[in-house]
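Residue-level structural notes
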Amino acid sequence: MASGKDTAREHEQDLSTILSTEERVELTLLIANITELMRKQIADTFDASVTSAKKPQQALHITDKNPNVDVNKTHEESEEEEKARKLREKREKELSAPKMLELRKDSLDFFDKWRESVISRVGTAVNNSKETVQEQKETASVDATPNSAPPAEPKVIRSNTNIEEADAALIELYPPTSTALYSLQKDKRILLLHSMLLLLLSLEHYIGHSRVLLLHISSSLHLPLHVLTEQEIKVAQGLLEAAKHMSGSEETQKRSDENKVARRWKVGLAGVAGATVIGVTGGLAAPLVAGAIGTIMGGLGLGATTAAGLLGALAESGVIVGSLFGAYGGRMTGKMMDAYAKEVEDFGFLPLKGSKHREPLPEDRRLRVTIGISGWLTQKEDIITPWRALGKESEVFALRWELEALTKLGSSLESVVKSAAWTVAKKEIIARTIFASLMDALWPIALLKVSKVVDNPFSVAKNRADKAGLVLADALINKAQGERPVTLIGYSLGARLIYSCLMSLAERRAFGLVESVVLMGTPAPSDAAVWRAMRSVVSGRLVNVYSENDYILAFLYRTSAIQFGVAGLQEAQDVPGIENIDVSEMVSGHLRYQYLVGSILEKIGFEDVDVEEVAREEETLALLEKEEEKEQEKKQGDSVDPEKEAAEMEKDVKKQTDQTLMQRAAETLHLGK
Amino acid sequence: MASDESISTLKILMIGPSGAGKSALLIRYCDDQFDSESSTATIGVDFKMKKLSVHGKAYRLNLLDTAGQERFRTLSNSYYRGAHGVVLVYDISNRDSFLAMERWFEEVESNAQPGAVTYLVGAKMDKTAQRTVKVEEGMKMAEERGCVGFCEVSSKTRENVRKPFVEIVDAVVQKPELLSSGTRRMGTVPVDGGEGFGSGCSC
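Residues numbered from 1 in each chain as written. Chains lettered and ligands numbered in written order. Predicted model: local features only at pLDDT ≥ 70, side-chain atom pairs only at ≥ 80, totals over all residues.

Per its UniProt entry, chain B bears the Sequence similarities (unreviewed entry) comment "Belongs to the small GTPase superfamily. Rab family." (UniProt positions renumbered as here; feature names shortened; annotations may be inferred.)

Going by the annotation in an unreviewed UniProt entry, the name recorded for chain A is DUF726-domain-containing protein, with Mollisia scopiformis given as the source organism. Its UniProt record, at the heading Subcellular location (unreviewed entry), says of chain A: "Membrane". Reading the Sequence similarities (unreviewed entry) entry of the UniProt record for chain A gives the comment "Belongs to the TMCO4 family."

Shown next, in the form of structure tokens:
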């Protein structure tokens with residue numbers, strides 16, 4: 001034991017060589033302040049007196065358009081104040097429910113545990129008696145007033161337009177906490193960020209909270225976001241490269257056996273303090289490994305030993321690196337998913353880079369994982385295509401689920417939208433322009449006649465989405481992604497799937513697994529209780545993208561419980577920390593989301609967007625719109641009997657679905673050879 | 001190593017005004033080192049581990065050496081969580097540090113989990129010439145404040161250095177309710193899988 005501890009101790013002597021005492025103090029305080037802020041934000045989620053409505057940007061949208069789904073409809077005319085009071089009472093009631101109180105307690109408990117481990121880890125790194133004494137003596141005279149120096153280069157970063165944009169988003173989302181450290185030289189600040197990344201990784205996981213902390217630190221150090229993402233990529237490469245040189249297969253086998261059991265419920269954090277963990281495994285240190293890491297991460301300014309010291313056990317065991325990237329227990333590709341596939345017809349992660357039959361190449365590995373989930377399909381490529389817009393800063397997977405149900409839904413939706421009945425109905429709806437009527441099920445008769453074409457596929461697919469969501473939650477809890485934070489993005493039923501997944505995570509108290517979530521056109525409640533629960537398991541951003549012009553969604557969802565609102569049509573109200581983004585102008589109908597993923601992500605200031613892909617997406621959409629217009633014109637002339645049309649459509653849908661499925665079957669056969 | 005997993009872990013905090021000698025005591029206790037020249041203030045919170053056996057049973061102590069300086073007050077709510085015991089340290093040659101103990105006791109009361117035990121330590125007992133706080137005064141305060149014990153120590157001469165730790169652990173383990181709630185919170189032991197957030201050492 002003692003020797004293990006000593007090794008760990010020796011490694012710790014590094015932040016002191018990078019930073020002066022005063023700077024280390026600042027760093028500690030910065031982290032303390034940021035984590036305090038993060039904790040407050042979590043607590044606010046459960047605070048009745050705080051609502052999301054106070055943001056001015058959003059207030060514009062709320063004013064009068066909103067249907068009062070949360071309040072009884074008859075109260076619509078009542079005074080503002082009374083309304084506010086009622087809402088508040090309602091919130092208080094909802095929040096004092098035992099279930100909510102428990103969730104609040106558990107999510108704060110989880111956070112506190114994480115914070116404690118971070119603070120002790122930083123504490124051990126910044127405090128080192130021997131080193132400090134010497135260092136202080138040396139620098140006492142030189143560095144007497146390091147912080148009174150004026151900000152050295154406050155605006156240098158702002159030269160590149162692209163980067164500046166990313167910064168604005170970063171600062172808005174994660175307001176900088178004031179710290180004297182920002183006046184350091186830029187390369188020193190980068191080094192500091194890099195060290196913090198390594199320190200957090202030494203906790204042997206990179207949970208959502210850790211990532212959010214780094215985002216806060218970047219913002220506070222006035223560093224643009226791309227610095228952090230570059231660091232992440234480099235460190236990921238470095239770790240994997242170094243892991244090749246580490247530890248023999250024996251340990252690997254043992255570890256992976258252990259993990260089979262241990263991993264199951266290992267949602268929590270690695271011990272009370274990072275040092276504890278390092279104490280256990282620290283004895284394995286091999287200088288050679290440290291060398292490997294140093295060489296690979298060279299150029300970042302940290303020496304080999306220093307980097308290895310910050311990384312702790314991670315620098316000494318390829319196995320720990322492996323579990324960070326999800327090599328044991330579960331993994332994103334490969335066999336593990338087969339077990340889940342039994343429950344849901346098909347379910348699997350498709351890497352956007354490389355093939356699913358192969359281990360992903362090390363250069364494609366990242367410290368973060370993004371999963372894109374499509375909502376319906378017109379062709380099977382639709383599973384992947386929308387997610388091409390996601391950048392390479394994160395390891396991107398598309399979720400393949402329920403191909404058949406989604407294909408059927410896709411073709412039905414398409415045919416309904418193209419139908420004459422819909423064209424007529426849409427005019428009627430627009431003429432009324434009262435959004436609330438969408439909720440009141442005053443649908444044109446003609447439309448209801450064609451409804452049978454789409455109602456069934458939708459409810460089938462919705463059902464499957466709920467199930468697949470549970471399976472996804474299972475996969476995440478079992479660390480298919482490793483110890484990396486996951487970002488989930490989905491539209492339509494894909495968003496429904498995420499909703500179901502998050503609700504399940506909240507119920508199972510699996511905090512910190514999910515970094516950010518973007519839901520677009522979600523057929524799920526907009527009710528505060530639901531969103532509060534979802535918020536608790538998302539460490540970073542939770543974005544609800546909605547369109548008030550999404551008649552299709554309103555139509556599809558009309559038979560579900562609309563008294564709780566529809567997230568895809570309106571704001572998720574009264575929960576702080578949820579970003580509601582109105583895309584009514586962009587999204588004229590539900591079927592548009594598929595082509596707008598990139599543009600929407602860009603609009604909300606999402607960090608990893610491939611701008612070129614977005615442009616391509618926009619072109620496709622423009623083409624599509626033209627085509628549709630032509631078709632509309634064609635249909636304009638002839639009036640069709642809705643009954644007949646419906647029958648016709650059903651036939652079409654069947655034909656199309658069959659075709660797609662046949663194609664798929666043929667391909668599978670082909671592959672089988 | 002395997003036996004490590006079954007040892008109960010106790011979390012003990014060291015608090016007190018800046019310069020009282022918390023870090024010196026801890027370094028002497030854990031590493032048996034002493035540097036009379038050293039005057040480095042702890043930054044935030046430092047962390048040390050030590051194994052200790054009381055009544056033939058081994059315990060692992062997680063010792064959190066906190067900074068005494070006022071500017072680190074913001075951190076205090078992050079380390080009190082799940083602490084079993086708190087050692088309050090003052091300097092016998094510095095009357096102000098003794099008088100300040102009132103405030104530190106208040107901090108414990110408002111932050112520590114209910115039932116956490118406290119122990120009062122007067123440090124630097126070798127500085128007899130500069131003594132400004134009498135032994136009796138310390139004893140009296142410890143009694144008034146309901147501490148489980150009091151002693152004076154010298155990190156320089158090693159006198160009594162182990163005593164506070166042995167005694168506070170002894171007091172903690174006599175409170176099984178504190179022990180069980182504490183270990184659960186710290187996620188150290190439960191292997192039975194009943195606990196959602198288990199120990200993470202296995203990764």
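Along chain B, the regular secondary structure elements total seven helices and six strands. Going residue by residue from the N terminus, the α and β elements of chain B occur as β-α-β-β-α-β-α-α-β-α-β-α-α. Expressed as a percentage of its 203 residues, the buried residues of chain B come to 48%. Of all intrachain contacts in chain B linking residues separated by at least 6 positions in sequence, the fraction that spans at least 24 positions is 71%. (Helix = DSSP H or I, 4+ residues; strand = E, 2+ residues; numbered from the N terminus. Buried ≥ 20, exposed ≤ 12 C-beta atoms within 10 Å, placed from the backbone. Contact = placed C-beta atoms within 7 Å.)

Once that is clear, we can look at the sheet that holds strand S2 (residues 369–373) of chain A. Residues and elements named next belong to chain A. Strands sit in the order S1-S3-S2-S4-S5-S6-S7 across an open sheet of seven strands; the sheet is mixed. Pairing within the sheet leaves two strands with one partner each, and these edge strands are strand S1 (347–351) and strand S7 (578–582). With strand direction ignored, the average angle separating the axes of adjacent strands in the sheet is 20°. Sheet topology note: the strand S6 (residues 542–546)/S7 ladder contains five bridges and is parallel. Bridging from a neighbouring strand, Val545 pairs with Ile581 of S7. (Pairing = 2+ DSSP bridges. Axes fitted to C-alpha atoms, helices over the stretch in contact; angles between N-to-C directions.)

On to the packing of helix H21 (residues 445–477) of chain A against helix H22 (residues 493–507) of chain A, then. Residue and element names in this part refer to chain A. The geometry of H21 relative to H22 is characterised by a closest axis approach of 7 Å and an angle of 45° between their N-to-C directions. One element, H21, and the other, H22, form an angle in the oblique class. Seen along the crossing, H21 lies across H22 with a hand that is right-handed. Of the residues in H22, those touching H21 at Ala461, Lys462, Ala465, Asp466, Ala468, Gly469, Leu470, Leu472, Ala473 and Leu476 are Leu493, Arg496, Leu497, Ile498, Tyr499, Ser500, Cys501, Ser504 and Leu505. The residue makeup of the contact of H21 with H22, split by class, is 13 nonpolar, three polar and three charged. (Parallel < 35°, antiparallel > 145°, perpendicular 65-115°, else oblique. Left-handed = near helix turned anticlockwise from the far one by under 90°. Nonpolar A, V, L, I, M, F, W, Y, C, P; charged D, E, K, R; others polar.)

When you line up the elements, Arg81 of chain B lands in the loop between helix H2 (76–79) and strand S4 (85–91). Its 19 C-beta neighbours within 10 Å are what place Arg81 of chain B among the partly exposed residues. Considering only alpha carbons, one finds Arg81 of chain B and Asn111 of chain B, 30 residues apart in sequence, at a separation of 7.9 Å. Leave out the neighbours within four places in its chain, and Arg81 of chain B touches Asp112 and Glu116 of chain A.

Turning next to the sheet that holds strand S1 (residues 8–15) of chain B. Residues and elements named next belong to chain B. The strand order across the open sheet formed by six strands is S2-S3-S1-S4-S5-S6, and the pairing between neighbours is mixed. Edge strands, defined here as strands with exactly one partner in the open sheet, are strand S2 (45–54) and strand S6 (150–152). The mean inter-strand angle of the sheet, taken between neighbouring strand axes irrespective of direction, is 25°. Relative to strand S5 (residues 117–123), S4 runs parallel, the two being bridged by seven bridges. Each bridged residue has a counterpart across the sheet, and for Val86 the counterpart in S5 is Thr118. Sitting on the sheet, helix H5 (residues 135–144) is in contact with S5 and S6, with an inclination near 155° to S6.

Further remarks concern the domain arrangement of chain A. Residue and element names in this part refer to chain A. Annotation of chain A at the domain level lists domain 1 (2–44 + 101–156 + 164–324) and domain 2 (336–672). Listed by partner, the interface residues are 31 residues for domain 1 and 31 residues for domain 2. Mapped onto the side of domain 1 that touches domain 2, the elements with two or more residues apiece are helix H3 (21–45), helix H6 (98–126), helix H8 (161–173), helix H10 (208–220), helix H11 (225–245) and helix H16 (318–324). For the side of domain 1 that touches domain 2, the leading source of residues is H11, giving nine residues. Partitioned by chemical class, the residues of the side of domain 1 that touches domain 2 number 15 nonpolar, eight polar and eight charged. (Domains from an automatic or database assignment.)

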